[in-house]
Structure formats: structure tokens, C-alpha cells
Amino acid sequence: MKKYSGFSLFKHSLSHHENWQAAWRSPQPKKEYDVIIVGGGGHGLATAYYLAKVHGITNVAVLEKGYLGGGNTARNTTIVRSNYLWDEASKLYDHSLDLWKDLSQDLNYNVMFSQRGVLNLGHNLQDMRDIERRVNANRLNGIDGVVLNTAEVKEIVPIINDSQDIRYPVLGASWQATGGVARHDAVAWGFARGADSMGVDLIQQCEVTDIVTEEGAVVGVQTTQGFIGSKKVACVTAGNSGVMAAMVGLRLPIESRPLQALVSEPIKPIINTVVMSNAVHAYVSQSDKGDLVIGAGADAYNGYGQRGSFNVVEHTMSAICELFPMFSRVRMNRAWGGIVDTCPDACPIISKTSIKGLYFNCGWGTGGFKATPGSGNVFAHTLAHDEAHPLAAPFSIDRFSTGHLIDEHGAAGVAH
Amino acid sequence: MHHIYCPYCEEMREEEEYSYTGEAHIERPKDPAAISDEAWANYIFFRSNPRGIHHEMWYHAAGCRRYFNATRDTQSYKVHETYKMGEMPSITAQTLAVANLSEKGGAS
Amino acid sequence: MTNFDTSNMESPLHHRVAHTNAANAGVVMKEDKFRGQLNLRGNPQDVAFTSAVESVLGVALPMAPSSSARNGDTVVYWLCPNEWLLIVASGTQGQVEADLRTAMEGQHIAVTDISSGQTLVNLSGTGVAELMQKSTVYDCHESNFPVGKVVQTTFAKTGTTMCKLEDGSFDLVIRRSFSDYFFLWLQDASDEYGLSVS
Amino acid sequence: MSPNLPQINRLATGGRIDRSKPMSFTFNGKTYQGFEGDTLASAMLANGVGVVGRSFKYSRARGILGHGAEEPNALMQLHKGKETIPNPRATQVELFDGLTATSTNGWPSAEFDLMSLMGKIGGKMMPPGFYYKTFMAPQKMWMTYEKLIRKAAGFGKLSLEADPDTYDKINAHCDVMVVGAGPAGLAAALEAGRSGKRVIIVDEQNEFGGTLLASTQTVDGIDAATWAEQATSQLEGMANVLVMPRTTAFGYYDHNFVVALERRTDHIGPVAKTGTRQRLHRIRAHQVILATGAIERPLVFGNNDLPGIMLSNSVSTYINRYAVVPGQRCVIMTTNDSGYQTALDIQGAGRTVVAVVDSRQTPNGRLVEAAKAAGIQVMAGHGVIEAQGSKKVMGAIVAPLDEAGDKVIGAGKTLSCDLIAVAGGWSPVVHLSCHTGSRPVWKDDVAGFVPGPSIQNQHLAGAVTGEYLLSEALNAGIQAGATASGTTSAQIFDCGDESIGVSQALYLVPHTKPISRAPKQFVDFQNDVTAAGIELAAREGFQSIEHVKRYTAMGFGTDQGKTGNINGMAIVAKTMNKSIAETGTTIFRPAYTPVTFGAIGGRDVGELLDPARHTAMHPWHLANGAEFENVGQWKRPWYFPQAGETMQQTLNRECLAVRNSVGILDASTLGKIDIQGKDAREFLNRVYTNAWSKLAPGKCRYGLMLKEDGMIFDDGVTACLSDNHFLMTTTSGGAAAVLGWLELWHQTEWPEMEVYFTSVTDQWATCSFAGPNSRKVLEKLCTDVDLSAEAMKFMDWREGTVAGIKARIFRISFTGELSFEVNVPADQGHYMWKKLMEAGEEFGITPYGTESMHVLRAEKGFIIAGQDTDGSMTPYDCLMGWAVGKTKEFSFLGERSFSRPDTARTDRKQLVGLKPKDPTVVIPEGAQIVMDPNQPIPMDMMGHVTSSYWSECLGHGIAMGTVKGGSDRMGETVYCPLADGRVLAAQICSPVFYDPKGDHHND
Ligand SMILES: Cc1cc2nc3c(=O)[nH]c(=O)nc-3n(C[C@H](O)[C@H](O)[C@H](O)COP(=O)(O)OP(=O)(O)OC[C@H]3O[C@@H](n4cnc5c(N)ncnc54)[C@H](O)[C@@H]3O)c2cc1C
Ligand SMILES: NC(=O)c1ccc[n+]([C@@H]2O[C@H](COP(=O)([O-])OP(=O)(O)OC[C@H]3O[C@@H](n4cnc5c(N)ncnc54)[C@H](O)[C@@H]3O)[C@@H](O)[C@H]2O)c1
Ligand SMILES: Cc1cc2nc3c(=O)[nH]c(=O)nc-3n(C[C@H](O)[C@H](O)[C@H](O)COP(=O)(O)O)c2cc1C
Ligand SMILES: [Zn+2]
């Protein structure tokens, strides 16, 4: 892999950029791999990257039915933070945040991780109690966070509507200064390039249509490019996980729903941090290009259409205009949807299954972008050792039978 | 934006009047104590979540407050039919597959 | 009914006293205060039930979805196949309830007095059709919503049961706790037509 | 103000402008004049304005390219101050007197921009995705680079003041919705209108007619624009047709739901003087007809972004519709017949057509012949390979091309000109058809994508289908109108138009140099995406069209690639040796053109954001200075401060009043469900944890409700009114969910049970008054019930008359004191409250709010579902095993989950009392609990404080919290390490701090 740098840019400019190497190869699938990863989203690619880098397992294929990073990875509002409530979740997300901090250099790919801080607003007394609880838990887990009052929120986001006379006034917020945003596409591409350079085959336009088992063990997958053998198949297919499970007669505690987001036209910088509000349902940050990136809600119904209903967008817009009355004159440029895989406890599943050699990493729902490096990292461990990484262990699928759910609805909410 | 026929109100109503309440035809185990933890978990948490034909419940929350079932395609969002609680669907993934086959068969 | 004493009563919109913000206001709101309102449940297939109700109300229960029936001051709205809203003269709801209970003795029915929990509002005027369009997702065009039809649907962010009257106006049933919101909405959405409260 | 400049490019006659209504406007500080009927763009062009802005990445000078929604360059900062709007296109802004606009970028001005130097020098180092390749180390520095990048990016600016306008929304329903009022749409609407169906027709422009407004053709012998006027007035005359100009259908959602934005006052001035500025129409249509036309494509050649290079059809439109010729000497570059029409139009306007440069070797057809006949020079088999000039076009380098249009095959020559009109073919406006998930299909004969199959009730007519003859558009419109209305029609229009010559599928005009070395050949003008950039992206492995889009930002702009996308896709296809059909297109999404946030939010802002629910006593609370708390949608009195009191002082006063005399609380917000039927009791058995079989009429009982996962989700007291009749109460926020829950089980699982549920939350107003004197207060108002401790026990209820009103009286207590709740019909609630206040006056009856209620109940260890529980607590976790029926016949909802391994653990977090070691301390709610405060981070957290208050009556702080294995740890000390560095110690104790034996409420 040729290294990227300011110098390489300069050098290539002299030859009119005619000699850049491809970021990854486009190989034909081999007959057999040590590990097949189904799903070339951020999580699948990160899994491949860490399998190769940390565990030295490079005879790996990532099979992607569309284009790399084209699922929810392409569609999310890119919020990164780790201030989850329960120990299990906050440790997992914080592991990920740690990896984010050096990710650009690790990948030699600028993922534009911008630690501009994340505010989670509280609008009623119970919100504020929950915020206190969560921030205290974070602090004692070594995760940065403070509770802010209205005036302190206003200081960080001067344009916020701090009137106490509105329907749901801002009473305060939690503030994680190390949180922020990253460039979603770059994350997928950076992991892809890194994995490819260590020998991982990234195979696009290759849809897995069946998972083939023999005597309760995986032997490979049927794809649109033929059968590919492997004794380890890892499904990292987000919204499509239920369909994958059905291929081997399994069901998951997951429902796939449309979640929408939208961007405004690009404007000059006006908001320098990430503002999230579960209560009134609005999430906003401003991308480096200048568009306001806004997360809307999930539709209540199951849907694989990558589009949702308009009333969800309307709801978000009124909340946004309430929080930022000047945004009312901004214009929406584009709205889209993803398919989010939500678990009953708003936590992921990183798990072995009852079928030998079949693994699932899914259920990240509305909030898995932030976990991309961490998820790949712990899942690679799970795959390499056929045993859960300690941080992943609590997220086994068994928890739904034992009752050990990790209810992150408060912190994950419908949010990002 | 779904537009759904309420089998009780007997007309098409806007999505805003409804709430979606999950997969249909999931029966509560008759004797919960007699089944395993896994079977119980299967009943409360595990869902078929298909891409395509899905039988699901809707609640006409702002209307007649009746729950009813819908057969809907989760990919195209086409609602094939709605039917009352206690009734069985007349359109399923199987019947549609058969219909598709015969359509193709007829053409060839 | 004649000596129905309302001196200690306040209707949900009592503080929205008569006023008008425009000459020839295009929307006129009138609260029909303190009407008796009873929720009735029973089996529509059971003749004992339907005939008992008819004997008390003097009018047959409307059976078709979204239909209504009227007998003087008594109005019956179909709500769902086994549920009706009875709107009766102010102050008579106690008697009607008692009569119904007597007439349906032993049957599986429910009668619930909800007179205080909701109020009946009439909206009329030249701007009312458009105002309704702004306020409800239901198609209020005469082709879809003829006189006498009863529809439970949303009104802005609350719910309503509404009926179209002969004179083109709308009767809306509004829940008490949402009535202030309802009025704020009405004020705002009728701005361009003018609002008169009578 | 400087004097108005002459409109140097304005024709003396013609156009649809009103010369009797001149209008002044300023652009970048200069004052100009235009006429009513102008767009800002046509007025700027009339005045010879060339540079309207600077490009995004390289800061190149940019001029107006198009005349409508497709315009990528002319983004304006419109109006000033709080009225300002960033980024509208000058081509879509109607001119009004006094309009002010500036460019959105360029420093110090768009004309003389210093950043362009950077663009020239640094541009070479800025291929697509260059930022992914640098600025990586050290990570911390990225934030600094980012700041600079952010500053440079973005177009317009936002005011910091609140939007002065209001917005409106309306729901509409129709049989036939027609999008687009060009010939196809008008014909369709006429046909549908005549059928009597309810029709809505919208067009984004100020006038109906679409291309007819700038056409030189005739319809059935009538001049095209006149025909459009007549058709429009016919439609306006139909009562069943709603005619909406200035209305853009921007989103097409499932089941034929179309959202359209109507601009009501934007054309009059910056703010709506009265009424609303914009109105959003939410249209549910049985049938939708898309007649959205087609957009002309530019061609990709060297320096094709220079001001003075315009779409050919736009040049015609400016001439015919606005009487503006944006140049003196024009070169037309075309791949099809459209360019010849423009040549004729230019010549007709008395300006010079230097040449029509046609990539086709042997162009023929009606328009070609007409141009030749008019003496216009045609250079067949040629292409404009490069434009010359720096801030405006000075010339065009024209060279012969091979037949495929792949190569330059001879020497070029320079034609001097100040306008290059480009006609690169047409792209049907398929956008809306794609919003519902349908993918467009490529058609070689159209050289464009047309709408693909759709499951919506959707019909198409006109140029959107790739049919470009006027007569075809009209006839297809009639047929679509008929089909959508379920009628038939044999109407045929005659426009005297003949077939058009075959166009060449050419996108990138070759240069003598390879793409990577040629002068910049722009594909996406707004985002500065070049052919070289696209080629590079493909070379680097970004081969999916979606990757190309994302890597280069092609089609990412506010124009969403309306002009550039197809060219870009063609270049990708060619680079990778694929067909465009194989390469495919990116996905079109809402919004077709950008939509004001405020309009999407509509009226649902401010106090209308969400309903605030009020109780019958609300006016009293307002009049008596209550502070309110939001509980669900309810506004509940939080506390009733008196002059000079701190909040704590208020709470102390309120709580002591309850403990020592009597206090009164508005409890009307609790959910109330009336349950009737012979199976009501059994139903309660199933949905509640405890047993209801023996609850006698006149009695009440507390119940816990669980989800099937065994976790508490609501609680409340249910009274037995009669054997078959119960009144259930729920939490204030949970009422609707609980009613839905009961209905769910009844309607889906247990329909055989004879039971009915009716919400009576709003029916009853509830005055809850508590304290040793509460009975005395009630006795003053109620004489027909024996209220004595013996006759009416704790958890009894009676029907009686209170203050002359028929009431239900409950002897239940959430405070631990002797306490009554009086339920009266809500119409009389306010009256009852006032009567109780009067009756209680001699005892100093004190109104109290939710906060004191919380203190009082916490002193008694009563939980608040949702505060002390969080969806992960079973009754056992709350030490409320007493509320779980162990011998119930039916396995109540949630019971089975108790025996799951994790739920059955005895060391789960349990809800216990916490007594601060320092009695003066109140531990903050939400504090985490540890056993050893000196352990290193991460600490082993045992639980957290759920509720915590100062108890004035006990004289110390009290708290409740969850602690792992807490029930076995009574007496142990725990610690709460706080953010401010304090560590508060507390002792685990029973949560019942006050009157553990319950003497008080039993009084
Ligand atoms: C609108 C929206 C906003 C969001 N905002 C945030 C946020 O702000 N912060 C945050 O942390 N998270 C957010 N999320 C969630 C986040 O996007 C996801 O959790 C995360 O990106 C999931 O990554 P993934 O790699 O698991 O899934 P994906 O990126 O969806 O990747 C799965 C891949 O599997 C492929 N695939 C599926 N089936 C098959 C098959 N049979 N064969 C081959 N390939 C297959 C798919 O094509 C896809 O590319 C948001 C999500 C959405 C939709
Ligand atoms: N000579 C050629 O090659 C050529 C090519 C293309 C078109 N044409 C001419 O164009 C005409 C085609 O007629 P037509 O009716 O199909 O198209 P049209 O362009 O005349 O009308 C389309 C109308 O739809 C409106 N519109 C588009 N999207 C909209 C939206 N989302 N919301 C609201 N309005 C929207 C446009 O403003 C326009 O007025 C014919 O006269 C034909 O001759 C000619
Ligand atoms: C953080 C973020 C920023 C985006 N910014 C833009 C933008 O400026 N312009 C744009 O057209 N789309 C933008 N998009 C949306 C994409 O164009 C696209 O809609 C999204 O990735 C979903 O893919 P799809 O629409 O192809 O299904 C953005 C997406 C994300 C996740
Ligand atoms: Zn219904």
C-alpha cells in the first residue's frame, strides 16, 4: 500500500494524478476462505481489518451485495460518542472511541474524526435525572462527561433557543467533549483500503443468497457469484440480518425499520458541535461542507425500503425550528432513509449462534456508526478465538433467554 | 406515507391515524411455566422480520381503536390486504409465489 | 332538563369567551356546552341489546361504519362495530344511563358517562372547509364526508370525533384536557379567515 | 444608490415581461433595473451581469447556466438581516421592486476573488478526496485544518435572528394530481378536469405553460403561449380543479402521497406582510400524473464553466420569454436539433450566430434545414473542445471530431464569441418517480433515463418519457388524463411539428490532450467536479456510480446534479468500458428542489409543538402562582411558591402542611380507565401481578403491571365499583399506553372475555387532600357518607355528595397521611377545588405540587414508576414481592420471565432506602453508588440514587436508590462520588422513612 500524505499529493500533482494506485483491488472470489464476512459496511470492513491486523488472519473475504459502505454506513448522521448508561455498553463504545482517536493515522486515511463535542439535551425533570445518572456512571467508568445547565448549554451553542417559556425548554444537557463526528464514507474506505492491503479480498456486487451448512456447521455461502466455501461465516449485515438468519432457519430479536436523515443546503459555519435531543426528537450537526446534518426518527413499522414516511421528517423539522428558530429559513436539500436493525434493549448482538461457525454482529440499530472500530475490533477477536472478546461477551444472543438485557433505550433512545 | 384500509371503519385512512404494533399471529404460550427459557424468549423477543410479505398488526389508534392485521410488503410497502383480528390472511408469500409462477407460466 | 343547574360547572372552553378578531370572520366557533355524552358498548348482533337501546333512545343504533342517527336532541355516533357515542340533552345523561342499564339488565354491555371529559364544538363559516383541511388528515370534501357521517380522526396533534351537519358546519368532539391546545391551534390556523367565538 | 444601469441585453419588444412596470434591484451592491415578469436571473442577464458567484473548491468565476430548477451556479444570498435566505437560485427568484441579492461566495467580491488564486495554485493538489489523503497527523491538528476548511466551504449565510415568517400546512385529497403544467400537464389536467374528477395541478413556475411560454410553435394553430393561457383559464374555471402555480412537488411518498411547497409571498417581498410565506400541501392522490418535462444537458469540454456558457434551451428561453439575449456573438455547440432552434432564436433577435457546431457528421431535419436556409453557418462533425477567456467567454476552440465523438481528428480553430450555447441532449425529470423506490431505466434512443416501473398509481406524459415533440406531449397528456380519470378520449392536437433528427449520445467532448491534462472539463459545476476527477476516482477503485458520487461529490450540491449527473455517469461508463445502463444512476431523493425547514415544520412550533394538556383546575393554579412541570403532555403544578420563598422553603412549607394539617393536590392527570363486564375481574388478574378475585365493591387495591419481560411498566390503584365494574388508575404519562395494552390483550388474545374499557381520564377531576385534618375538611362538605375511620377504612371508596356534587370518595394515600381523593365530573372540578380550599381554610389547607408529592411519597418509600424504575426492574427488585400473587391460576403477564436465570438472581439491583450519613446532605438524584469510594476508575458501581429529597419533617435528607443485592445489605454504608469531588456516604435502610407501621394513613 502506497502511503498517503501531503507530500504524495504534491508528487502526484506533478504527474497530473495519473499514477495513483487503486485504493483496493477488485479480485475474483477464491473457492475458499478462512473467514467470510458478509456485509461490506463499516463494521464488516473493520472486522476484516482487525482480523488481518491484530490476529494475522488474512485469508478473508468481505462479500458485499452492493457497494462498500453503501448500507447504513452511507446514511448515518455520523455522531460519535460513548456516554452510554450501562457498564457493558459504555465500555464497548468507549473502547471504540479510543480507537477513533488514532484511526486516521492507523489507517493512513483521514476519517476526519472531529471531536467537537456532543450535547444531549434534557427538557424535563426526568430527562435531567437520567442525564445526571448517565454522566455519573460515565465518569466513574472513566468516560468524560459533565452535566450542564441551560446557561452553560447556551455558551457552547449560542444559537440555541434557551427561553424557558417554550413548550419543552432546554433545562440542561450532558456534554461529552471527546465526542463528535467523522466522515462516514472515509471510515468505510479507510478500513477497506487497510484490509485490502493486508490481503483481504473485498468482493462487491456479491450478494449472499444462502448460508450452506452441513450437520449443524457452516461450510460456505451461496452467492450471486457462485458458491464460496468457509468454515466461518460472519454476518455483519445490519438491517438485513433477519433475512440472513432466516437462511439457516434462525430468527433474531430484531426488527428492521426505516430511519431517516436529511441535510440542508450548505451554509457558512453556524453550529460547531453536535446537539441531540431525544425528547423533542432532533439531532443536528454541521458537516465540513456546510450542510446541516439532521437525524429524524425511525418509522414504527418494519421496512426495507430505505425510505420512510414524511410525517417523521415533519416532526423533526418542527423540533429543529423550535430549538433553533433561525434554522426555519434554511432549506432541506436531500432526505433519505436507512434500514436500522433494532433490538428490544437497543443494544447490539455480537455473538456466536447455535450453528457452528456462524456468527452475527448486528442490532446496532440507530447508533452503530460510532462503534465501527470497536465493533470490528472485538468481533475480530470473537472470530479468531471462537470465543467472545470480554467486551463483547455481554452482547451474546443468549441474553434474551437469560434475561440479561442491557436496556439502553434511555441513552440510545431512538438516537444516534 | 401509508394509506391503509381499516377493516372496521371500512375505508382508507392515513398513516397518522394508526400505530404499528408488530408481527401478527404470535400466540401467547398456553402454559408459560411449561416452556423453556428459550421458547419463552422466542415468544417475547424473536421475530421473523422478513424482507417482503409480512403479516403484522396495526392499531387504529386515532380512529376506531381496533387492532387488525395487514399483509404488507416490507420492501415495496404495498399493502396487499387487511383483515380483522381472528381471521387468517388470504394472501401469503406462498400464494403470491404461486400466483407469480402461474403468471410466468402462462406467458411462456 | 329545564332546571339543569350549571352554576358550579365550567365547560372545557368556558374561558374562551365570545369575541371576534375580524369583521365577517370566516370561522365561527361555538361550544355546545354541557351536552350529556355517554359511551355505549354492546354486541350489535344481539337483538336484545339493539332493541333495548332503541327503546330508550327512540332511535335505532347506527350500524354502518361512520354513520350517525338523530332523534331530536339525541344523537348517536357510530365509533366502532360495538361502540357508540350518545350525545343527549344537557343534564339528562344520568337518567339515560339509568334507563339504559335497566333496559339492558343482565347483558354484556357498558355505559360510561363521559359528559365532562369532552365537549362538543361547532365550527362553521366560509373558511371552515379550508381550516378543516389544515387541521385533519381526513378528507372532508363532501364527496368523502357527506352530511351525517361521523369520523374519528386526528385534529392537529390531538384527536376528534367529527360529524358533518346539514348547514355545512362541523361538530367536533374534543377531549377536555386538549381543549386549550385545540383552541390555540384554531386561533393560529384560522388567522387568515378571522375567528369569531360565539 | 447609484443610478440604474441600462439593460444592455434587453430586446425592445417581445417576451412575457411588463415593460410598464420597471423594478429596481441590487446585486452585489450595484443597482439595476428589470421588469415585472423577470426572474432575478433574466434581469441580471438583461443588465449584462456575467459573474454571479465563485465556485466551491477552485473559486472560479461562474455565470448563469440555466433558467430554472437546474441552475447550479447562480446561488444568491437573498435579502438582508433576519429576512435573509441563503442559496436560492437567481433563475427561480421572481423579481420585485427593491430586491437585494449578493453572491454567496467570493472574497473580497465574486468579481475579484482572492481565493481563486489559491484555487489556481493549490487546485492541482486538490483532486477528489484529497482531504482523505492528508491532514492526518497529528490527529489533534485536524480540528485546526477543519476550521479552515469549514470557513471556506458552505455557500450562503444565515441570520442569527429568528425567522420573522410563518408557515402553513394543508392536507389535500384528489382523484388526479398533475405535476407540471407544460403542454403535457395542461392537457392531462384538462382531460381529467372535464371528467369531473377532483384534480390538482401544480407547477413550480409563476406561470403555467412550461416550455410553451418560450416556444415559437403553435398548438392547433394558436400561438403556444396563448394556448397555455387559454388552457390555464379553462382549468381555473373548473370548480373541481385546483390550480396552483408557484408550487413545487418536492417529494413523492408511498401510496401516492405527494408533498408540494407553495410559495405564497416570496415573489412580493422578503417577508409576508400578512398570512403565511409558504404553504406545504400534503396531497393524497388516487392517481398521479408526472408531466415534469426534461432538462437540457450541458456538454463537458475545457473551461466549460466560463460565464457566458449557457444551456442552449435557456438562451432561447431568455430570448423568447424574457426578451433578453445574453450575448452578441454566439457559438452554439450541439449534439442534436435543439441547438438549431436556439440559433434561429438568436438570429431572430438580431444577434450574430457565429456557428452551430454540431458533433454529428450529417445533421438533417426540419430545424437544421431552417437554420441553413437562414444562412447560419453549420460546422458538422465538429465540437467545441475548449472555451477561452478568464472571467467571461472570449472564444471557442472548435475542432473536427471522429464519427463516434471520441477523438479530435484535426486542427482546431478559435471562433471569437461572447456566448456559447450548449445543447447536449435532454434528461427527463425522473426525480419524483424515483422517490418511491422505483429505479429509472436507461433508454438508448432517448439518451437518457426515463421513469422505471412503479407500483404507485402513476402515469407519465410528455418530455419526462423522453418524447420531445410538442404534439406528442399534448396527446400523451390527454391520454394520461383520460386513463387516470377512467375515461377515454380521441382528442388529437396538431402542432405541425415533424420528427426531430437523431441526436448523438455525446457527453464529454474530446480534447487534444488526455482528460487528466486537458484544461478543466467540468461535470458538476457546483461542486467543481471535473472529468479528470471522475476518471481518477474510477482509477482509484471507486467504480460504483455511488462511490464516484461520494468520492467526487458529484450531484451532492443544491442542484442535486440536475445538469451534471448524466454526463458524469457517461464518463464513468466510458472510463470503465461499460454502458451507461450498466453503470446506472445514483438515487434521486426528496427534495426535488430545496424546501424551507419552516414550511416543513409548519404551525407545529411554539406552543403548538406538542399539545399541553390541562386539568379542570388549571385556571386556579395559574391564578395562584404555580410553577409547572411537564409530565407527559400534561402541565402539572410543580410547587406553589409564595412571595420571597426559595423553592426549598416552598417545599418545606407544603410538606409540613400535609404532615401537620392538610394539603391539597390536583391529581386529575392520573389515567383512569373504566372497566365493565363480567370478566373484568379475571382480566385484572391477568394484567396485574396481584390477585383481584376477592376485591369487594367499595374497596381499592394497588396493582403493578408488567410487560411480558417481567419488568414494571405501570402501576396504580384500581377500585371495585361493583362486581362487574372497576375503575383503574394509571400513571399520568402512561394512560394511553395502558389502555392500548389492555385493548391489545383483549382484542388479540382473549376476545372471548366479556369486558369493555373506556378512558375516563378527562371525565373526572381529582382533588387529593392529605393530612391529619383532611377528614375534618371533607366532613364539612360531605354529610351523606360516614367518613369515620371505622366506617370508611383505608383503601375504601364511597359514593357520596361533596359540596352538593355527586362524587366518588376514595380513601387512599400516596403521602402516608390520612388522605382522601374526591373525584367529580371535571366540569365541576374547579368548583370542587375552590370549595375544598374554602372548607380547609380554617386548617390552613395548602395546595402542593408534584415536587412535594414526591417528597411525601418518598418519605413513605412509595415508588414512582419511571423514576425509581427504568424498564429493568421487576417487582422483586423494587422489594414489592408483596404485590405479586403467588397462587394465581392464570400466569399473569410477565410472570414467566421471573424464573429466567438473570431475573431470578438474588443479587440483582434492588430498590432500597438510603440515609445520608450527614443528615444535612441531600444526595443528588442520579448519583452513582459504590461500596469503596477509593477504588480506581473504572469503579464498580452498585446502583444509583433514583429519588432524593430534603425531608423537613424528618429533619434530614432521604433517598431511594438501587443497590446490587441491596435487600441483604441493610445497614451497610455506601458512597456516592460526585462530579464536584464530594463523596457522600449513606446507609442502606428500609425505604420507608416515615411512619413505618402506617399508623397515620390508618387513622
Ligand atoms: C439515518 C441514520 C442515522 C444514523 N445516525 C447514526 C449516528 O449519528 N451515530 C451512530 O453511531 N450511528 C448512526 N446510525 C446507525 C449506523 O449507521 C449503523 O449502526 C452502522 O452504520 C451499521 O454499520 P454496519 O456496517 O453494521 O451496517 P451497514 O453499513 O448497513 O452494512 C451492512 C452491509 O451488508 C450488506 N449486506 C446485507 N445483506 C447482504 C447479503 N446477503 N450479501 C452481501 N452483503 C449484504 C449491505 O449491503 C450493507 O452494505 C444511523 C443510521 C441511520 C440509518
Ligand atoms: N426540441 C427538443 O428536443 C425538446 C426536448 C425537450 C422538450 N421539448 C419540448 O418540451 C415540451 C415537453 O412538454 P412537457 O409538458 O413534458 O414539459 P415542460 O417542460 O413543458 O413542462 C414541465 C413543467 O413541469 C414543471 N415541473 C417540473 N418538475 C416539477 C415539480 N417537481 N413540481 C412542480 N412543477 C414541476 C416545470 O416547471 C415545467 O413547467 C414539448 O413542448 C417539447 O417540444 C423539446
Ligand atoms: C453525513 C452525511 C452528509 C451528507 N451530505 C449530503 C450532501 O451534502 N448532499 C447530498 O446530496 N447528499 C448528502 N448526503 C446524502 C447522500 O447523498 C445519500 O442520500 C445517502 O448517503 C443515502 O444514500 P442514497 O440516497 O443513495 O440511498 C449526506 C449523507 C450523510 C450521511
Ligand atoms: Zn378503524
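Undergrad: Can you tell me about the site of ligand 2, naming the residues and giving the values?
TA: Residue and element names in this part refer to chain D. Around ligand 2 sit 27 residues, and of these D203, T211, A249, A463 and Y468 come closest. In the environment of ligand 2, an oxygen atom lies 3.3 Å from a nitrogen or oxygen atom belonging to the backbone of P183. A184 places a main-chain nitrogen or oxygen 3.0 Å from an oxygen atom of ligand 2. Expressed as a share of its isolated accessible area of 850 Å², the protein-covered part of ligand 2 is 91%. A per-element tally of the shell around ligand 2 places strand β13 (residues 247–253) first, with three residues. Class assignment for the residues of the shell around ligand 2 results in 14 nonpolar, eleven polar and two charged.

Undergrad: Explain a nonpolar patch on the surface residue by residue, including any values.
TA: There is a patch of nonpolar side chains on the surface, built from D:W107, D:L114, D:L117 and D:I121 and spanning about 490 Å² of accessible area. Its location among the elements puts D:I121 in helix α2 (residues 115–122).

Undergrad: Pulling in residues and values, what's your account of the coordination of the zinc ion (ligand 4)?
TA: All names here are of chain B. Protein coordination of the zinc ion (ligand 4) is provided by C6 (SG), C9 (SG), H60 (ND1) and C64 (SG), with donor distances spanning 2.0 to 2.4 Å. The coordination sphere of the zinc ion (ligand 4) comprises four donor atoms, whose angles at the metal cover 104 to 116°; the geometry is tetrahedral. Written as a sequence motif, the donor arrangement for the zinc ion (ligand 4) is C-x2-C-x50-H-x3-C. Residue C9 is found in the loop between β1 (3–6) and β2 (11–14), and its partner C64 is found in the loop between β4 (53–59) and β5 (67–73); the two are separated by 55 residues along the sequence. C64 carries the same exposure label as C9, and that label is buried.

Undergrad: Describe the side chain of D:N171, with residues and values.
TA: For D:N171, the position within the fold is in strand β8 (residues 167–179). Polar side-chain contacts of D:N171 include one of 3.0 Å to the backbone oxygen of C:T136. Engagement of the side chain of D:N171 in a polar contact is seen with the side chain of D:R282, the distance being 2.7 Å.

Undergrad: Tell me what's going on with the pairing of strand β19 (residues 352–358) of chain D, and back it up with residues and numbers.
TA: Residues and elements named next belong to chain D. Counting buried residues in β19 gives six out of seven residues, a clear majority hidden from the surface. Pairing geometry for strand β18 (residues 329–334) and β19, over six bridges, is parallel. In the sheet register, C330 faces β19, and the bridge partner there is V353. Read from β18 through helix α7 (residues 338–348) to β19, the crossover connection turns out right-handed. Here β19 pairs with strand β20 (residues 378–380) via three bridges, running parallel. By the bridge assignment for β20, D358 is matched with A380. A crossover links β19 with its parallel partner β20, the connecting element being helix α8 (residues 366–373), and its sense is right-handed.

Undergrad: Please provide a residue-by-residue account of the packing of helix α6 (residues 312–322) of chain D against α7(D), values included.
TA: Residues and elements named next belong to chain D. One can describe the packing of α6 onto α7 by two numbers: an axis separation of 9 Å at closest approach and a directional angle of 30°. Taken together, α6 and α7 sit at an angle that is classed as roughly parallel. In terms of crossing hand, the pair formed by α6 and α7 is left-handed. Taking contact as the criterion, the partners of S312, N313, V315, S316, I319 and N320 in α6 are, on α7, S338, G339, Q341, T342, D345 and I346. Its residues assigned to classes, the contact of α6 with α7 comprises three nonpolar, eight polar and one charged.

Undergrad: Please give an account of the environment of D:A736 that cites residues and values.
TA: Take D:A736: it is sitting in helix α19 (residues 735–749). It is 9.7 Å that separates the C-alpha atoms of D:A736 and D:T761, two residues lying 25 residues apart in sequence.

Undergrad: Outline the site of ligand 3, listing residues and values.
TA: Around ligand 3, a shell composed of 18 residues is seen, among which A:A74, A:R75, A:R334, D:Q560 and D:R589 lie nearest. Surrounding ligand 3 are residues belonging to chains A and D, so the site spans chains. Side-chain polar atom of A:R334 to an oxygen atom of ligand 3: 2.7 Å apart, as the coordinates give it. For ligand 3, an oxygen atom lies 2.7 Å from a polar atom in the side chain of D:R550. At the level of elements, β18 (331–342) of chain A together with α12 (545–552) of chain D are the ones that each hand at least two residues to the shell around ligand 3. Broken down by element, the residue count for the shell around ligand 3 peaks at three residues, all from α12(D). Residue composition of the shell around ligand 3, by class: five nonpolar, five polar and eight charged.

Undergrad: Give a description of unusual backbone geometry that names residues and reports values.
TA: Comment: phi is negative for the bulk of residues other than glycine, and the bulk of peptide bonds are trans. Residues and elements named next belong to chain D. With an omega dihedral of 10°, the bond running from P590 to A591 counts as a cis peptide bond. Mapped onto the secondary structure, A591 falls in the loop between α14 (580–583) and β31 (595–596). Following I937, the chain continues into P938 via a peptide bond in cis, with omega recorded as 0°. Mapped onto the elements of the fold, P938 is located in the loop between β46 (928–930) and β47 (941–951). Backbone geometry at F135 places phi at a positive 55°, although glycine is not the residue there. Relative to the elements of secondary structure, F135 occurs in the loop between α2 and α3 (142–152). In this structure F135 comes out as partly exposed when scored by relative accessible area, which is 23%. Positive phi is not limited to glycine here, since R246 has a value of about 55°. Structurally, the position occupied by R246 is in the loop between β12 (241–244) and β13.

Criteria and cut-off values
- Residues numbered from 1 in each chain as written.
- Chains lettered and ligands numbered in written order.
- Predicted model: local features only at pLDDT ≥ 70, side-chain atom pairs only at ≥ 80, totals over all residues.
- Heavy atoms only, no water.
- Near = heavy atom within 4 Å.
- Polar contact = N/O pair within 3.5 Å; in protein donor to acceptor, adjacent residues only side chain to side chain.
- Areas by Shrake-Rupley, 256 points an atom, 1.4 Å probe, with all protein chains shown as cover.
- Helix = DSSP H or I, 4+ residues; strand = E, 2+ residues; numbered from the N terminus.
- Nonpolar A, V, L, I, M, F, W, Y, C, P; charged D, E, K, R; others polar.
- Patch = residues over 30% accessible without salt bridge, like charges linked within 9 Å, V, L, I, M, F, W, Y side chains within 5 Å.
- Salt bridge = Lys/Arg side-chain N within 4 Å of Asp/Glu carboxyl O.
- Donors = N, O, S within 2.8 Å, 3.2 Å for Na, K, Ca; no water.
- Tetrahedral: all angles 85-135°; square planar, octahedral: opposite > 155°, others 65-115°.
- Buried < 20%, exposed > 50% of the residue type's maximum accessible area, 1.4 Å probe, protein only.
- Pairing = 2+ DSSP bridges.
- Right-handed = clockwise from strand over helix to strand, strands pointing away.
- Axes fitted to C-alpha atoms, helices over the stretch in contact; angles between N-to-C directions.
- Parallel < 35°, antiparallel > 145°, perpendicular 65-115°, else oblique.
- Left-handed = near helix turned anticlockwise from the far one by under 90°.
- Contact = heavy atoms within 4.5 Å.

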